[in-house]
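# Structural description and commentary
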Amino acid sequence: MLSDIAGSAFGDASQVCLGPTCLGLGTGIGTFTIVNASNLQATLPGAIGDGSYPLTVVSPEGTSNATISVSVVTSVGTTGVEPTSGPVGTTVTMTGSGFALVTAVKVGSVTVTVASGHAWEISATQVGVVIPPKVGAGVADLVVVTGDNQSLTSTSDQFTVTGPALSSVTPTVVAAGGTLALAGTALVDATQVCLGST
């Protein structure tokens, strides 16, 4: 996980510490780089557990004040979805933990990104997503993606995508070659309309 750190007098920084875990100058996981005298970039190691840690920068001149904290989220989990079923286009609210850095939601095999506007963070414990048209009818796992992590699939994240359903047809009596107006749900990606075997 890459973090940008802003401040001052960073030109000769030797360590970046999150609580008791200190990162050395270098490249790769568990290190930091000096961008300029007021900006650092740190790559946090996976061994840091979930929690809030005071952030300090160490240099030959001393150690920065520990008034800034960083919340580390490594585990992502879903405890429920609402509603649990509906057609394509349904807005679903997912509840769980570790959602603060959500970048996308996988609906079955289809990925819906936050950048597309069809998935969004409500809070650190809730995410919203619109079921996309390419998802077929049936049960789909909704998987939250946050940076390098994603929630594990379980029965708590399952959403049943319902197929097309007709509610009315107008007119109900029509001559050959006539036009019918159909109303219902999940009709957006219909490929055929059948009258009996035709």
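Everything below is about the structure printed above this text.
Here's what I pulled together on the structure shown here. (Residues numbered from 1 in each chain as written. Predicted model: local features only at pLDDT ≥ 70, side-chain atom pairs only at ≥ 80, totals over all residues. Heavy atoms only, no water.)

### A closer look at the state of the cysteines
Scanning the model with the defined rule gives one disulfide in all. The side chain of Cys17 participates in a disulfide bridge whose partner is Cys22; the two sulfur atoms lie 2.0 Å from each other. Between Cys17 and Cys22, the S-S torsion sits near 105°, and that sign places the bridge as right-handed. A relative accessible area of 5% places Cys17 in the buried class. Cys22 gets classed as partly exposed once you look at its relative accessible area, which sits at 38%. (Disulfide = S-S within 2.5 Å. Buried < 20%, exposed > 50% of the residue type's maximum accessible area, 1.4 Å probe, protein only.)

### What about the layout of surface pockets?
Its volume calculated, the largest pocket comes out at about 360 Å³. Looking at the largest pocket, it is lined by 22 residues, and the ones nearest its centre are Pro164, Ala186, Leu187, Ala190 and Gln192. By residue number, the principal contributor to the lining of the largest pocket is strand E19 (residues 165-170), which donates three residues. Residues that form the lining of the largest pocket fall into these classes: 16 nonpolar, five polar and one charged. (1 Å grid on protein atoms, 1.4 Å probe; cavity = no way out; pocket = protein on both sides within 12 Å on 5 of 7 lines; lining within 4 Å. Points joined across faces, edges and corners; volume = space filled by probe spheres on them. Helix = DSSP H or I, 4+ residues; strand = E, 2+ residues; numbered from the N terminus. Nonpolar A, V, L, I, M, F, W, Y, C, P; charged D, E, K, R; others polar.)

### Topic: the sheet that holds strand E15 (residues 126-130)
Here we have four strands laid out as an open sheet, ordered E9-E11-E15-E14, and antiparallel in their pairing. Among the strands making up the open sheet, the edge pair consists of strand E9 (77-82) and strand E14 (119-123). This sheet shows a mean twist of 25° between the axes of neighbouring strands, independent of strand direction. As defined by bridge partners, E14 adjoins E15 across four bridges and the pair is classed as antiparallel. In the sheet register, Glu121 faces E15, and the bridge partner there is Val127. (Pairing = 2+ DSSP bridges. Axes fitted to C-alpha atoms, helices over the stretch in contact; angles between N-to-C directions.)

### With respect to the environment of Ala190
Tracing the sequence through the fold places Ala190 in the segment after strand E20 (181-185). Classification of Ala190 by relative accessible area gives exposed; the value is 52%.

### Quick notes on the nonpolar core
As a rule of thumb, nonpolar side chains are buried together in soluble globular proteins. In this structure, Val105, Val107, Val129, Ile131 and Leu142 are the most contacted members of the largest nonpolar core, which totals 21 residues. Going through the elements one at a time, strand E11 (91-97), strand E12 (104-107), strand E13 (110-113), E15, strand E16 (138-146) and strand E18 (158-161) are the ones with two or more residues in this core. At three residues, E16 tops the list of elements feeding residues into this core. Contact partners of Val129, with chain neighbours within four places excluded, come to Thr90, Thr91, Val92, Met94, Val105, Val107, Val112, His118, Ala119, Trp120 and Leu142. (Core = buried A, V, L, I, M, F, W, Y, C linked by side-chain atoms within 4.5 Å. Contact = heavy atoms within 4.5 Å.)

### Comments concerning the environment of Gln41
By secondary structure assignment, the location of Gln41 is in strand E5 (residues 39-43). A relative accessible area of 29% means that Gln41 is categorised as partly exposed. Residues Gln41 and Gly147, 106 residues apart in the sequence, show an inter-C-alpha distance of 16 Å. There is a polar contact of 2.8 Å between the side chain of Gln41 and the side chain of Asp4. (Polar contact = N/O pair within 3.5 Å; in protein donor to acceptor, adjacent residues only side chain to side chain.)

### Things to note about the side chain of Ser59
Note on placement: Ser59 falls in strand E6 (residues 51-59). By relative accessible area, Ser59 is classed as buried at 12%. Excluding residues that lie within four positions of it along the chain, Ser59 makes contacts with Asp12, Ala13 and Ser14.

### Considerations on the side chain of Thr78
Residue placement: Thr78 occurs in strand E9. Other than its neighbours up to four places away in sequence, Thr78 contacts Met94, Thr95, Gly96, Phe99, Leu142, Val144, Ser151, Ser154, Ser156 and Asp157.

### Digging into unusual backbone geometry
At the junction of Glu82 and Pro83, the peptide bond is cis and its omega measures out at 0° in the coordinates. In the segment running from Thr170 into Pro171, the intervening peptide bond is cis, with an omega of -10°. Positionally, Pro171 belongs in the loop between E19 and E20. Even without a glycine there, the phi angle at Ala9 is positive, about 60°. Within the element layout of this structure, Ala9 appears in the loop between strand E1 (2-6) and strand E2 (15-18).

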